[in-house]
Amino acid sequence: MTGKANKKGRSKGSLSDFVPLERYIMRSTAWRSLTPVARAVYFEVGFHYTGENNGRIVISVRGMAASLGISKDTASRALLTLEQRGFIETVKRGAFSMKQRHASEFRMTAFRCDVTGALPSKRFMSWKPEIQNTVRPQGPNGTTTGTDGTKATRNYPSRSLP
């Protein structure tokens, strides 16, 4: 840890020794909707945040996949989920197909941007889940009411007992 300790034994320095996760983040609807893999990816992004490089957090999908022991597709989906929910923002897209390969650069929205000096946007606090009305009213014996008012029965596979 950098910096000199004050009278209470605390020091002002970088956040390199821990990944900050405050209670308001954990209570948010967006955090509760994340899968365990997406939460692990958030911590991995936070692991690369030193307290002085927000907006320049460099991490590749392949490096993240290797660190967490998951596939690169799973890591990519988790990063996309974090971006859609508002936990991170992509500052610069990386590319594997270019002649000179480079990783993406991210910014965590819960903290001040160290590149531009912008205040934390905390976009994840305003995220709302999409409401999908896929459940139809169900009557007795597994019947549902169709859109035209007629009754339709559900087709369950029948099993014959031996």
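Residues numbered from 1 in each chain as written. Predicted model: local features only at pLDDT ≥ 70, side-chain atom pairs only at ≥ 80, totals over all residues. Heavy atoms only, no water.

Student: So what's going on with the packing of aromatic side chains? Residues and values would help.
Tutor: Enumeration according to the criterion identifies eight aromatic pairs in this entry. Centroid distance tryptophan 31 to tyrosine 42: 5.5 Å. Interplanar angle 75°. Geometry classified as edge-to-face. Taken together, the residues span a long stretch of sequence, with tryptophan 31 in helix 2 (residues 29-32) and tyrosine 42 in helix 3 (residues 36-47) at a distance of 11 residues. Exposure remark for tyrosine 42: the relative accessible area of 1% places this residue in the buried category. (Phe/Tyr/Trp six-rings, centres within 6.5 Å; stacked < 30°, edge-to-face > 60°. Helix = DSSP H or I, 4+ residues; strand = E, 2+ residues; numbered from the N terminus. Buried < 20%, exposed > 50% of the residue type's maximum accessible area, 1.4 Å probe, protein only.)

Student: Describe the packing of helix 3 against helix 5 (residues 72-85), with residues and values.
Tutor: For the pair helix 3 and helix 5, interaxial distance at closest approach is 9 Å and the crossing angle is 80°. With respect to each other, helix 3 and helix 5 are oriented roughly perpendicular. Counted together, Val37, Ala38, Val41, Tyr42 and Val45 of helix 3 and Thr74, Ala78, Leu79 and Leu82 of helix 5 form the full contact between these two elements. Taken together, the residues of the contact of helix 3 with helix 5 break down into eight nonpolar, one polar and no charged. (Axes fitted to C-alpha atoms, helices over the stretch in contact; angles between N-to-C directions. Parallel < 35°, antiparallel > 145°, perpendicular 65-115°, else oblique. Contact = heavy atoms within 4.5 Å. Nonpolar A, V, L, I, M, F, W, Y, C, P; charged D, E, K, R; others polar.)

Student: So, the sheet that holds strand 2 (residues 88-92): which residues are in play, and what are the values?
Tutor: Each strand in a sheet pairs with its neighbour through backbone hydrogen bonds, running either in the same direction (parallel) or in the opposite one (antiparallel). Reading across from one edge, 1-3-2 is the order of the three strands in this open sheet, with antiparallel pairing throughout. With one partner strand each, in any of the chains shown, strand 1 (57-59) and strand 2 form the two edges of the open sheet. Going from strand to strand, the sheet's axes swing by 40° on average, the running direction of each strand aside. As judged from the three bridges shared by strand 1 and strand 3 (residues 104-108), these two strands associate in the antiparallel manner. By the bridge assignment for strand 3, isoleucine 59 is matched with serine 104. (Pairing = 2+ DSSP bridges.)

Student: So what about the environment of cysteine 113? Which residues, and what values?
Tutor: For cysteine 113, the position within the fold is in the loop between strand 3 and strand 4 (143-145). On a C-alpha basis, the gap between cysteine 113 and glycine 51 in space is 9.8 Å, while along the polypeptide they are 62 residues apart. If we skip the residues at most four places from it in the chain, cysteine 113 touches Asn54, Gly55, Arg107 and Ala118.

Student: Requested: an account of the nonpolar core, with residues and values cited.
Tutor: Membership of the largest hydrophobic core comes to 25 residues, with the highest contact counts inside it found for Tyr42, Phe87 and Met108. Listed by contribution, the elements that provide at least two residues to this core are helix 2, helix 3, strand 1, helix 4 (61-68), helix 5 and strand 3. (Core = buried A, V, L, I, M, F, W, Y, C linked by side-chain atoms within 4.5 Å.)

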